[in-house]
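Coordinates in review
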2 protein chains.
Amino acid sequence: MSDSKQEIFREYLLSQGLKSTSQREIILAEFLRCDEHPSTEELYLRVRKKNPQVGYATVHRTLKLFAECGIASVRNFGDGTTRYESVSGDEHHDHLVCQSCGLIIEFEDDRIEKLQDKVAGQHNFKVVDHRLELYGLCEKCQ
Amino acid sequence: MSDSKQEIFREYLLSQGLKSTSQREIILAEFLRCDEHPSTEELYLRVRKKNPQVGYATVHRTLKLFAECGIASVRNFGDGTTRYESVSGDEHHDHLVCQSCGLIIEFEDDRIEKLQDKVAGQHNFKVVDHRLELYGLCEKCQ
DNA sequence: AGTATTTTTGAAAACGATTTTCATTCTTAG
DNA sequence: CTAAGAATGAAAATCGTTTTCAAAAATACT
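Every residue gets a number counted from 1 within its own chain, in the order that chain's sequence is written. Naming scheme: in the order in which they are written, chains are lettered from A and ligands are numbered from 1. Predicted model: local features are reported for residues with pLDDT of at least 70 only, side-chain atom pairs are reported and counted for 80 or more only, and whole-chain, interface and lining totals are derived from all residues.

1. Some thoughts on the overall build of chain A
In terms of regular secondary structure, chain A is built from five helices and five strands. Taken from N to C terminus, the helices and strands of chain A fall in the order α-α-α-α-β-β-β-β-α-β. For chain A, the C-alpha atoms occupy an extent of roughly 50 × 40 × 25 Å along the three principal directions. Working definition: helices are DSSP H or I runs of at least four residues, strands are E runs of at least two. Numbering for both runs from the N terminus.

2. A short note on the protein's contact with DNA strand C
What makes a residue near a molecule or strand is its C-beta atom, placed from the backbone, lying within 6 Å of it. If you check the shell around DNA strand C, you find 24 residues, and the closest are Leu18(A), Gln23(A), Gly55(A), Thr58(A) and Thr82(B). Those elements that provide at least two residues to the surface near DNA strand C are helix 2 (22-33) and helix 4 (56-69) of chain A together with helix 3 (40-50) and helix 4 (56-69) of chain B. Per-element tally for the surface near DNA strand C: the top contributor is helix 4 of chain A, with three residues.

3. Description of the relation of the copies chain B and chain A
Here the copies were fitted onto each other by least squares, based on C-alpha atoms from residues at pLDDT of at least 70 in both. Expressed as a screw transformation, the operator carrying chain B onto chain A has a rotation angle of 179° and an axial translation of 0.0 Å, and the superposed copies differ by an RMSD of 0.2 Å. The operation mapping one copy onto its partner corresponds to a two-fold rotation axis. Using C-alpha coordinates, one finds that chain B approaches the rotation axis most closely at Leu132(B), a distance of 2.2 Å. Here the contact rule is simple: place C-beta atoms from the backbone, and any two residues whose C-beta atoms are within 7 Å are in contact. With an isologous cut-off of 70% or more, the 100% of interface residues of chain B that recur at the interface of chain A puts this contact in the isologous class.

4. Let's talk about the protein's contact with DNA strand D
Taken together, 24 residues are adjacent to DNA strand D, and Thr82(A), Leu18(B), Gln23(B), Gly55(B) and Thr58(B) come closest. For the surface near DNA strand D, the elements supplying multiple residues, two or more each, are helix 3 (40-50) and helix 4 of chain A together with helix 2 (22-33) and helix 4 of chain B. Per element, the largest residue contribution to the surface near DNA strand D is three residues, and it comes from helix 4 of chain B. Polar here means any residue other than Ala, Val, Leu, Ile, Met, Phe, Trp, Tyr, Cys and Pro, which are nonpolar, and Asp, Glu, Lys and Arg, which are charged; Gly is therefore polar. Within the surface near DNA strand D, the residues separate by chemical class into four nonpolar, 15 polar and five charged.

5. Some points on the interface of chain B and chain A
Often, the extent of an interface is quoted as the loss of accessible area on bringing the components together. The interface of chain B with chain A comprises 31 residues on the first partner and 31 residues on the second. Mapped by element, the contributors of at least two residues to the side of chain B that touches chain A are strand 4 (104-107), helix 5 (110-122) and strand 5 (126-137) of chain B. Broken down by element, the side of chain B that touches chain A gets its largest block of residues, 12 residues, from strand 5 of chain B. Looking at the side of chain B that touches chain A residue by residue, the class counts come to 15 nonpolar, nine polar and seven charged. Two strands qualify as a pair provided that DSSP identifies no fewer than 2 bridges between them. Taken together, the 11 bridges between strand 5 (residues 126-137) of chain A and strand 5 of chain B define a ladder with antiparallel strand orientation. Counted as the bridge partner of Gly136(A) is Val127(B) from strand 5 of chain B.

6. With respect to unusual backbone geometry
Residues and elements named next belong to chain A. Positive phi values are uncommon outside glycine, yet Asn124 reaches one of about 50°. Tracing the sequence through the fold places Asn124 in the loop between helix 5 (110-122) and strand 5. For every residue, the other C-beta atoms within 10 Å of its own C-beta are counted; 20 or more classify it as buried, 12 or fewer as exposed, and values in between as partly exposed. C-beta atoms are placed from the backbone. Accessibility expressed as a C-beta count within 10 Å gives 11 for Asn124, which makes it exposed.

7. As for the packing of helix 2 of chain B against helix 4 of chain B
Residues and elements named next belong to chain B. Helix axes are fitted only over the stretch in contact, all axes being lines through C-alpha atoms; the angle between N-to-C directions runs from 0 to 180 degrees. Packing of helix 2 against helix 4 brings their axes to within 10 Å, and their N-to-C directions diverge by 70°. One way to sum up the angle between helix 2 and helix 4 is to call them roughly perpendicular. Of the two elements, helix 2 crosses helix 4, and the hand of that crossing is right-handed. Taking contact as the criterion, the partners of Gln23, Arg24, Ile27 and Phe31 in helix 2 are, on helix 4, Thr58, Val59, Thr62 and Phe66. What sets the label is the angle itself: under 35 degrees gives roughly parallel, over 145 gives roughly antiparallel, 65 to 115 gives roughly perpendicular, and the rest give oblique. By definition, turning the near helix anticlockwise from the far helix through less than a right angle yields a left-handed crossing, and turning it clockwise yields a right-handed one.

8. Here we look at helix 4 of chain B
Every α-helix winds through 3.6 residues per turn, so residues three or four apart in the chain are directed the same way. All names here are of chain B. A helix's residues, less one, multiplied by 1.5 Å, set its expected span. With 14 residues, helix 4 should cover 20 Å at 1.5 Å per step; its first-to-last C-alpha distance of 20 Å lies within 8% of that length. Buried within helix 4 are the following residues: Val59, Thr62, Leu63 and Phe66. Considered in projection along helix 4, the buried side chains sweep an arc of 105° and stay on one side of the axis. Along helix 4, exposed side chains directed more than 90 degrees from the buried face belong to Ala57 and Glu68. The elements touched by buried residues of helix 4 are helix 2, helix 3, strand 1 (72-75) and strand 2 (83-86). Following helix 4 by one or two positions, Gly70 adopts a phi angle in the positive range, close to 90°. Note: the arc covers the axis-to-C-beta directions of the helix.

9. Here we look at the sheet that holds strand 4 (residues 104-107) of chain A
On the basis of which strands lie adjacent, the open sheet formed by six strands has the order 4(A)-3(A)-5(A)-5(B)-3(B)-4(B) and mixed pairing. Strand pairing shows two members of the sheet lacking a second neighbour, strand 4 of chain A together with strand 4 of chain B, which therefore form its edges. Each strand axis lies, on average, 20° off the axis of its neighbour in the sheet, ignoring direction. As defined by bridge partners, strand 3 (residues 94-98) of chain B adjoins strand 5 of chain B across four bridges and the pair is classed as parallel. Counterpart to His95(B) in the pairing with strand 5 of chain B is Glu133(B). Here helix 5 of chain A sits on the sheet and contacts strand 5 of chain A together with strand 3, strand 4 and strand 5 of chain B; the angle it forms with strand 5 of chain A, its principal contact strand, is near 130°. Where helix 5 of chain B meets the sheet, it contacts strand 3 (94-98), strand 4 and strand 5 of chain A together with strand 5 of chain B, and its direction lies at approximately 130° from that of strand 5 of chain B.

See the structure below:
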C-alpha cells in the first residue's frame, strides 16, 4: 500500500515485458512534479526544458502508460485537449473549472457520490467511472 | 415562453443581421427530429439523405449557431467527437453513458444540483454550467 | 564480457475531427 | 431590380493525436 508511483510504474513495466528507460524516468519525475493537469504538449515542454532530446511522441506514449497502470487518469475539460492527472490511491475528486482564468479546483463530496450511485441503480446501470465538472468563475474572476 | 426553437433561431438570426436560408431551416428541422446527441458528421449524413446538396461545413457552422442562440448545447463524452444536444427551456440534465454500446440515458436530480451549488459556494465559485456523466455498463451490456 | 532479441526512441508522416478559405450563389434592403 | 452583404460548398488548412520506420538502447542468452 506504500508503493510509490515510481514503484507502481516500474512493476507495471516489468509485468508487461516493457523496458525501463531514462526517458520514462524523466517523464514520470516531471509529471509528478507538476501538480496541475498537464496536456501532452505542456508536459512535453516542461520535460524539454531539462532534457531537450526527449521527443513529443515519447511523452505521449508514456502518458498513456501512466493511465494504463493507474498512476494517472485521463481528463478533458472541453478545451479540446486531453489532460492527465496524477491519481493518489483510490480517492476520487471532481473539479471546479474557471472559464476565465483556467483555474482548476478539486473537490470531493461523498453525498454527491452516493446520490449518483442511487440514480444509476434506478436505471440498472453499473457505474465504472464518473466525471463531474462545475464550470463558472472563480473568486478572483467574478 | 412558448417560443419554438424555430422562432428562437429565427429571432437570433435577425438580431445578429444574419440571413435565413433553406439550408439552415433544413438543418434545424433535422436536428430537432433526432432525439439523440448527434455529432456534426452524423447530422450531416442525416441531412444529406434528404438534401444531398448541403455541405459539411454548413452543418458545422449551423450547429455552432444553435449553440450560440441557446437551442443546443455542446457535449463531448470522451470519444473524441463533439456532440450537440437539443436544449429544452432551462431544464438541465445529466448523462449515463454506456461504455459498451454507447447508449446514453438522461437523468435529472435536484438533490445533486443543490449539493453542487453548496460545494461551489464553499469555494466562492460562481457556477455558470456543469456536466455530470456516469460511465459504465447499461442493463443489457452488463 | 559479447551477441542476439526485442523494445524504445524521435522525426516525420498519417490521421481524424474541426475550422477556414475563397469564388460563387443567395438574401435582403433599398 | 439592383446593389451590398452574407451564406454556401468544395477544397485546403489547422490542430491535437497517433502511427511509421530506421536507428539506438535495454534486456536476455550464451
